[in-house]
Amino acid sequence: MSINEGYTLTVLGAGVMGSAVLSAILASKPSPFPGKIYCCTGSESSAQRLQTTYGESVIATFGKDNVKPVEEADVIILGCKPYMCQAIIDSVKSALNSDKIVISLLAGWTIEQLQNVSGTSYIARVMTNTPAKYGCGTAIVSFSNDLQDSKFDSTRDSIMKIVDTVGMAMELPEKNMDAATSLVGSGPAFVLLMMQALAEGGVRMGIPYETAKKCAAKVMEGTAKMVLESGQHPEALKSMVCTPGGTTIGGLMVLEDKGIRGSISRAVEEAANIASSLGKK
Ligand SMILES: NC(=O)c1ccc[n+]([C@@H]2O[C@H](COP(=O)([O-])OP(=O)(O)OC[C@H]3O[C@@H](n4cnc5c(N)ncnc54)[C@H](OP(=O)(O)O)[C@@H]3O)[C@@H](O)[C@H]2O)c1
Ligand SMILES: *[C@@H]1O[C@H](CO)[C@@H](O)[C@H](O)[C@H]1NC(C)=O
């Protein structure tokens, strides 16, 4: 079950997420690199749009023509809507066999459910987010038991390289997927709320909105970079910004008084609990 140079990759459901991952793979050219790429959609118009977007590097198909791409695939990236997964897999069932590697981008589908519906035991369940579209996505990957065997070390490594193209990929056990759905999947919405609040504070104090918005976004980008590149603890970096008796510590005390820290952590907890309850339905 190794992924060899020139393998065939089929994106089953090349919508927003599927295309984001596909674009990332084409842009970063991870090794092994696919020799043939299919992208499958539900409609002729989407297939035509994808063919125009990607040109000769892919073969776009729809409907009944999705059977052949699935049959030829060594690796399938599953990018359909979660509620359509069963029907879409059923429509290509004849082409599936236990040798395929499935990389699922679907929220809420467990590895066991994916194994049952696809008939293959080699599953990588991925939770990623919309910044993937800009090469700055975060992805959490969980592997099925069968893929965790040491004889599949290089296969897992290849899958991590494929997923890492969206920005950054890290592995966690599946029990952490609901938390990842919240932190990684919903995280951008939480950060956007903070960003808007920062910008509006600037507006309140007289900065034009467009400038305030760009400043807020860049402050968050720069801060994130500082944490990732220095490897330092956020609290240590934060204390360096606080001049004794200065502006920053004054602002931070207001945030602490309002319980911002707990609110944000609880938001992650709540979204993870909702992800878990949706999964049980
Ligand atoms: N968007 C996000 O922010 C986000 C974040 C994290 C995870 N996800 C996960 O990503 C997955 C995809 O979401 P999305 O927003 O990318 O959805 P989407 O844009 O609606 O994409 C769904 C794709 O499936 C295709 N499709 C429909 N019927 C098909 C069929 N019979 N055979 C093959 N393909 C078919 C659609 O083609 P047509 O265009 O022809 O209908 C479309 O290309 C979801 O499972 C979601 O949980 C999304
Ligand atoms: C998967 O299939 C097995 C064997 O048929 C069954 O015992 C199990 O309950 C199924 N799991 C899910 C999540 O559907």
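Definitions and limits used
Residues numbered from 1 in each chain as written. Chains lettered and ligands numbered in written order. Predicted model: local features only at pLDDT ≥ 70, side-chain atom pairs only at ≥ 80, totals over all residues. Axes fitted to C-alpha atoms, helices over the stretch in contact; angles between N-to-C directions. Helix = DSSP H or I, 4+ residues; strand = E, 2+ residues; numbered from the N terminus. Parallel < 35°, antiparallel > 145°, perpendicular 65-115°, else oblique. Left-handed = near helix turned anticlockwise from the far one by under 90°. Contact = placed C-beta atoms within 7 Å. Domains from an automatic or database assignment. Nonpolar A, V, L, I, M, F, W, Y, C, P; charged D, E, K, R; others polar. Pairing = 2+ DSSP bridges. Near = placed C-beta within 6 Å. UniProt positions renumbered as here; feature names shortened; annotations may be inferred. Core = buried A, V, L, I, M, F, W, Y, C linked by C-beta atoms within 7 Å. Buried ≥ 20, exposed ≤ 12 C-beta atoms within 10 Å, placed from the backbone. Expected span 1.5 Å × (residues − 1). Arc of directions from axis to C-beta.

Novice: Tell me what's going on with the packing of helix α7 (residues 177–204) against helix α8 (residues 209–230), and back it up with residues and numbers.
Specialist: Packing of α7 against α8 leaves a shortest axis separation of 8 Å and a crossing angle of 135 degrees. Taken together, α7 and α8 sit at an angle that is classed as oblique. Once α7 is placed against α8, the crossing between them reads as right-handed. Within the contact between the two elements, α7 uses Val191, Met195, Leu198, Ala199, Gly202 and Val203 and α8 uses Tyr209, Ala212, Lys213, Cys215, Ala216, Ala217, Val219 and Met220.

Novice: Which residues make up the domain arrangement of the protein, and what are the values?
Specialist: Domain annotation of the protein identifies domain 1 (8–172) and domain 2 (180–280). For domain 1 versus domain 2, the distance between C-alpha centres works out to 32 Å. Listed per partner, the contact involves eleven residues of domain 1 and eight residues of domain 2. When the residues that make up the side of domain 1 that touches domain 2 are grouped by side-chain class, the tally is five nonpolar, six polar and no charged.

Novice: Quick one: what's the story with the sheet that holds strand β2 (residues 36–41), residue by residue and with numbers?
Specialist: Spatially, eight strands are ordered β3-β2-β1-β4-β5-β6-β7-β8 in an open sheet, and the strand pairing comes out mixed. The open sheet has two edge strands with one neighbour each: β3 (59–62) and β8 (167–171). Sheet twist, expressed as the average angle between the axes of neighbouring strands with direction ignored, equals 20 degrees. Two elements, strand β4 (residues 75–78) and strand β5 (residues 101–104), share four bridges in a ladder whose sense is parallel. Bridge assignment links Val75 to a residue of β5, and that residue is Ile101.

Novice: Tell me about the site of ligand 1, and name the residues and values.
Specialist: Taken together, the neighbourhood of ligand 1 is formed by 27 residues, with Gly13, Gly15, Gly42, Ser46 and Ala107 sitting nearest. Of all the secondary structure elements, the ones that give two or more residues to the shell around ligand 1 are α1 (16–28), β2 and α4 (85–91). Counting residues per element, the shell around ligand 1 draws most heavily on α1, which supplies three residues.

Novice: A description of the UniProt feature "binding site: NADPH" (unreviewed entry) in the protein should follow, citing residues and the corresponding values.
Specialist: As recorded in UniProt, the sites labelled "binding site: NADPH" (unreviewed entry) are Asn66. Relative to the helices and strands, Asn66 is located in the loop between β3 and α3 (67–72). If near-sequence neighbours (up to four positions away) are discounted, Asn66 is found in contact with Leu12, Cys40, Thr61 and Val92.

Novice: Give a detailed account of the environment of Val141, specifying residues and quantitative values.
Specialist: Position of Val141 among the secondary structure elements: in strand β7 (residues 137–143). Sequence separation between Val141 and Ile25 is 116 residues, and the spatial gap between their C-alpha atoms is 16 Å. Beyond its immediate sequence surroundings of up to four residues, Val141 is in contact with Ala124, Val126, Ile159, Met160, Val163, Ala169 and Glu171.

Novice: Tell me about the nonpolar core, and please be specific about residues and values.
Specialist: Within the largest apolar cluster, 55 residues are counted, with the highest numbers of intra-cluster contacts made by Val21, Cys39, Ile77 and Ile103. The greatest single-element share of this core, amounting to six residues, is contributed by α1. Ignoring sequence-local partners within four residues, the contact set of Ile77 consists of Leu9, Val11, Leu12, Gly18, Val21, Ile103 and Leu105.

Novice: Could you give me a rundown of the environment of Ser19, with the residues and numbers involved?
Specialist: Here Ser19 is to be found in helix α1. Exposure remark for Ser19: the 22 C-beta atoms within 10 Å place this residue in the buried category. Residues Ser19 and Leu50, spaced 31 residues apart in sequence, show a C-alpha to C-alpha distance of 8.6 Å.

Novice: Tell me about the UniProt feature "domain: Pyrroline-5-carboxylate reductase catalytic N-terminal" (unreviewed entry) in the protein, and please be specific about residues and values.
Specialist: As recorded in UniProt, the sites labelled "domain: Pyrroline-5-carboxylate reductase catalytic N-terminal" (unreviewed entry) are residues 9–108. Structurally, residues 9–108 comprises 37% helix and 22% strand, and the distance from its first C-alpha atom to its last is 23 Å.

Novice: Could you give an account of the packing of α7 against helix α11 (residues 260–280), naming the residues involved and the relevant values?
Specialist: Running from N to C, α7 and α11 cross one another at 125 degrees; their axes reach a closest spacing of 8 Å. Considered as vectors, α7 and α11 are oriented oblique to each other. Crossing geometry of α7 relative to α11 is assigned as right-handed. Taking contact as the criterion, the partners of Asp178, Ala179, Thr181, Ser182, Leu183, Ser186 and Phe190 in α7 are, on α11, Ile264, Ala267, Val268, Ala271, Ala272, Ala275, Ser276 and Gly279. When its residues are assigned to classes, the contact of α7 with α11 shows nine nonpolar, five polar and one charged.

Novice: Can you lay out the environment of Arg49 for me, pointing to particular residues and giving the numbers?
Specialist: Along the chain, the position of Arg49 falls in helix α2 (residues 44–54). Taking the C-beta count within 10 Å as the criterion, Arg49 has 15 such neighbours and is therefore assigned partly exposed. Measuring from C-alpha to C-alpha, the distance between Arg49 and Ala60 comes to 8.9 Å, with eleven residues separating the pair along the chain.

Novice: Would you mind going over helix α6 (residues 153–164) in detail, with residue names and values included?
Specialist: Taking 1.5 Å as the rise per residue, α6 with twelve residues should run 16 Å; its terminal C-alpha atoms sit 16 Å apart, in good agreement. When we look at burial in α6, the residues that qualify are Ser158, Ile159, Ile162 and Val163. Buried residues of α6 fall within an arc of 135 degrees about the axis and therefore sit on the same side. In α6, the exposed residues that point more than 90 degrees away from the buried face are Asp153 and Asp157. Of the surrounding elements, those touching the buried residues of α6 are α1, β5, β6 (122–127), β7 and β8.

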